[in-house]
Amino acid sequence: MTVSDLHLPAVTPTDSIDWKAIPSPAFVLDESRLRRNLALISHVQRESGAQIIVAFKGFAMWSVFGLLRGYGITGATASSLNEAILAKEEMRGEVHVYAPAYSEEDFPRILELADHLVFNSFAQWERFRPQVEAARAVGKELHVGLRVNPEYAEVETDLYNPAGPFSRLGVTRREFREDMLDGIDGLHFHTLCEKDSDTLERTLEVVERNFGEFLPRMKWVNFGGGHLMTRQGYDIELLIRVVRQFREKWGVHVILEPGSAFGWQTGWLVSSVLDIVHNVKDIAVLDISVSAHMPDVLEMPYRPRILGARDPGEGQETHREAHDHAPGDFPYIIGGTTCLAGDVVGEYVFDHPLNLGDRVVFDDMIHYTMVKTTFFNGVKHPDIGILHLDGTYERVKVFGYEEFKAKLS
């Protein structure tokens, strides 16, 4: 069974949206698309018996956390003190915390907030264990876990591979300390990145081979994130079956913490053309920044889709002199508004010439993109808005000088 086999809520067609009515620039979340993802995630949670929580590192738009709760999402995973506070204040469910290392300064507050607390190493567990035991002694209900590194992953991009050579993330089998498991009731692994359920199935085989002897001592296992179950073609039935089998085999509670799956294909980054520059080719300068507002384009790298545009080579010839285009063949290099020379998305072909003020809409810009933006160069940060089911648009956040200034001193 894949996404297309389920009866999910309909979504708003993009050709029915009045992009000109949306102030630019803006990240726009479409409520209909989010509800569709939540319906699917809720189905997986119900049928598999796993607990699915939202990973803030991929999706942290707290103005819609009420919607998540309405679909049975009972918690969030945080990777820092700030995210843990956000989880407690806005998600209002279980707070799961994991970080590669905790500081002496932050740990007491993290300990106060957390319901699940995962350590990255036995050294960190040993360092903070007295505080954990003291909190438990006065009635703190706390699940404590250890992150393990199966040393197996199918991630093509090194930047996103947590199980690559010399990874600092998680304890390998050869470094595992069975004598230090007292007080630990769960294991955590995270080796997926926007992968299908067959990758999880193969990963679990390695986890069981390397750490299976310790699983009978555990109450729960966190499978981490990277389960892109809302992507078209994802094998949902296999995911449900794999989770069920693992739960029944080991008698443990299973937790999944996807980020991208929540925000996948749920919205756009709306921008507008500020200028057209010609240097052999036409270059459209937009009121957004690739570097500041779409950093994954440079980091990953990847090429975002623009609504109404196509890649060069798809269709008609794209390399022409200015003002010498065939009908439906208008190539532009798309660039941002900072002074960074490399603040460029790439070349796209439009079926009409671009003019000042025209909207350029980047697709699938809600997961990860929004949480990684910066105020580099002091350029205007895009609004955050919601396109509701009735077609109304709500600006939920407008950024100004004070937000820019607050990051500096």
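Residues numbered from 1 in each chain as written. Predicted model: local features only at pLDDT ≥ 70, side-chain atom pairs only at ≥ 80, totals over all residues. Heavy atoms only, no water.

**What to know about the overall build of the chain**
Here's step 1: For the chain, the helix and strand inventory stands at eleven helices and 18 strands.
Here's step 2: What you see for the chain is a C-alpha radius of gyration of 23 Å, in line with the 22 Å of a compact globule of 409 residues.
Here's step 3: The C-alpha extent of the chain, read off along each of the three principal axes, is 75 × 50 × 45 Å.
Here's step 4: In the chain, which comprises 409 residues, the share counted as buried stands at 53%. (Helix = DSSP H or I, 4+ residues; strand = E, 2+ residues; numbered from the N terminus. Rg over C-alpha atoms; globule rule 2.2 N^0.38 Å. Buried < 20%, exposed > 50% of the residue type's maximum accessible area, 1.4 Å probe, protein only.)

**Let's talk about the nonpolar core**
Here's step 1: With 104 residues, the main nonpolar core has Leu68, Leu117, Ile334 and Phe362 as its most contacted residues.
Here's step 2: Per-element tally for this core: the top contributor is helix α7 (residues 236-250), with seven residues.
Here's step 3: Residues within four places of Ile334 in sequence aside, it is in contact with Ala284, Leu286, Ile306, Val344, Val345, Gly346, Tyr348, Phe350, Leu354 and Phe362.
Here's step 4: The next biggest cluster of nonpolar side chains, apart from the first, holds ten residues, and it includes Ala26, Val28, Trp268 and Leu307. (Core = buried A, V, L, I, M, F, W, Y, C linked by side-chain atoms within 4.5 Å. Contact = heavy atoms within 4.5 Å.)

**Quick word on the packing of helix α1 (residues 31-48) against α7**
Here's step 1: Two numbers describe how α1 lies on α7: the axes approach to 9 Å, and their chain directions differ by 35 degrees. In this structure, α1 crosses over α7, and the sense of that crossing is right-handed. Residue-level contacts link Leu40, His43, Val44, Glu47 and Ser48 of α1 to Ile236, Leu239, Ile240, Val243, Arg244 and Arg247 of α7.
Here's step 2: Counted by class, the contact of α1 with α7 contains six nonpolar, two polar and three charged residues. (Axes fitted to C-alpha atoms, helices over the stretch in contact; angles between N-to-C directions. Left-handed = near helix turned anticlockwise from the far one by under 90°. Nonpolar A, V, L, I, M, F, W, Y, C, P; charged D, E, K, R; others polar.)

**Quick word on the packing of aromatic side chains**
Here's step 1: Counted according to the given criterion, the structure contains 16 aromatic pairs.
Here's step 2: Between Trp19 and Trp268, the aromatic rings sit 5.0 Å apart at their centres with planes inclined by 80 degrees, giving edge-to-face as the arrangement. In this pair, Trp19 is assigned in the segment before β1 (26-30) and Trp268 in strand β11 (residues 267-279), connecting sequence segments 249 residues apart. For the pair Trp19 and Trp268, one class covers both residues: buried.
Here's step 3: Here a set of aromatic residues connected by ring pairs shows up, and it is made of Tyr102, Phe107, Phe119, Trp125 and Phe128.
Here's step 4: Residue placement shows Arg303 over the ring face of Tyr348; its charged tip is 4.0 Å from the ring centre. (Phe/Tyr/Trp six-rings, centres within 6.5 Å; stacked < 30°, edge-to-face > 60°. Lys NZ or Arg CZ within 6 Å of the ring centre and 35° of its normal.)

**Some words on the pattern of salt bridges**
Two side chains carrying opposite charge are able to pair once their charged atoms lie near each other.
Here's step 1: On inspection of all chains with the given rule, the structure shows 25 salt bridges.
Here's step 2: With its nearest N and O atoms 2.8 Å apart, the salt bridge here joins Arg109 to Glu112. Here the residue Arg109 and the residue Glu112 both occupy positions in helix α4 (residues 107-113), the gap between them amounting to three residues, near one helical turn.
Here's step 3: For Arg109, a relative accessible area of 32% translates into the label partly exposed.
Here's step 4: Under the relative-accessibility criterion, Glu112 is labelled exposed at 54%.
Here's step 5: Salt bridges sharing partners connect three or more residues here, namely Arg46, Glu47 and Arg244. (Salt bridge = Lys/Arg side-chain N within 4 Å of Asp/Glu carboxyl O.)

**Examining the sheet that holds strand β5 (residues 94-98)**
Here's step 1: Read across the open sheet, the nine strands follow the order β2-β10-β9-β8-β7-β6-β5-β4-β3; overall the sheet is parallel. The sheet is open, and its two borders are formed by β2 (51-52) and β3 (54-55), each paired with just one other strand.
Here's step 2: Where strand β6 (residues 116-119) meets strand β7 (residues 143-147), four bridges bridge the pair, whose relative direction is parallel. Across the sheet, Val118 pairs through a bridge with Gly145, a residue of β7. (Pairing = 2+ DSSP bridges.)

**Digging into the confidence of the model for the chain**
Here's step 1: Residues with a pLDDT of 70 or more make up 97% of the chain, whose mean pLDDT is 95.
Here's step 2: In the model, residues 317-323 has pLDDT below 50 throughout and makes 14 contacts with residues more than four positions away in sequence or in other chains. (pLDDT = per-residue confidence, 0-100.)

**Points about the environment of Arg247**
Here's step 1: Within the secondary structure layout, Arg247 lies in helix α7.
Here's step 2: As for Arg247 and Pro100, which are separated by 147 residues in sequence, their C-alpha atoms are 27 Å apart.
Here's step 3: Once residues lying within four places of it in the same chain are set aside, the contact partners of Arg247 are Ser48, Gly49, Ala50, Val252 and Val254.

**Focus: unusual backbone geometry**
Here's step 1: Here the amide bond leading from Ser24 into Pro25 is cis, since omega sits at 0 degrees, within 30 degrees of zero.
Here's step 2: Take Pro25: it is sitting in the segment before β1.
Here's step 3: Cis peptide bonds are those with omega within 30 degrees of zero, and the linkage from Met300 to Pro301 qualifies with -15 degrees.
Here's step 4: Structurally, Pro301 is set in the loop between α10 (296-299) and β13 (309-310).
Here's step 5: The phi angle at Arg92 is positive, at roughly 60 degrees, despite the residue not being glycine.
Here's step 6: Looking at the element boundaries, Arg92 is found in the loop between α3 (81-91) and β5.
Here's step 7: Phi is positive for Asp364, which is not a glycine, with a value near 55 degrees.
Here's step 8: Structurally, the position occupied by Asp364 is in the loop between β16 (359-363) and β17 (383-387).

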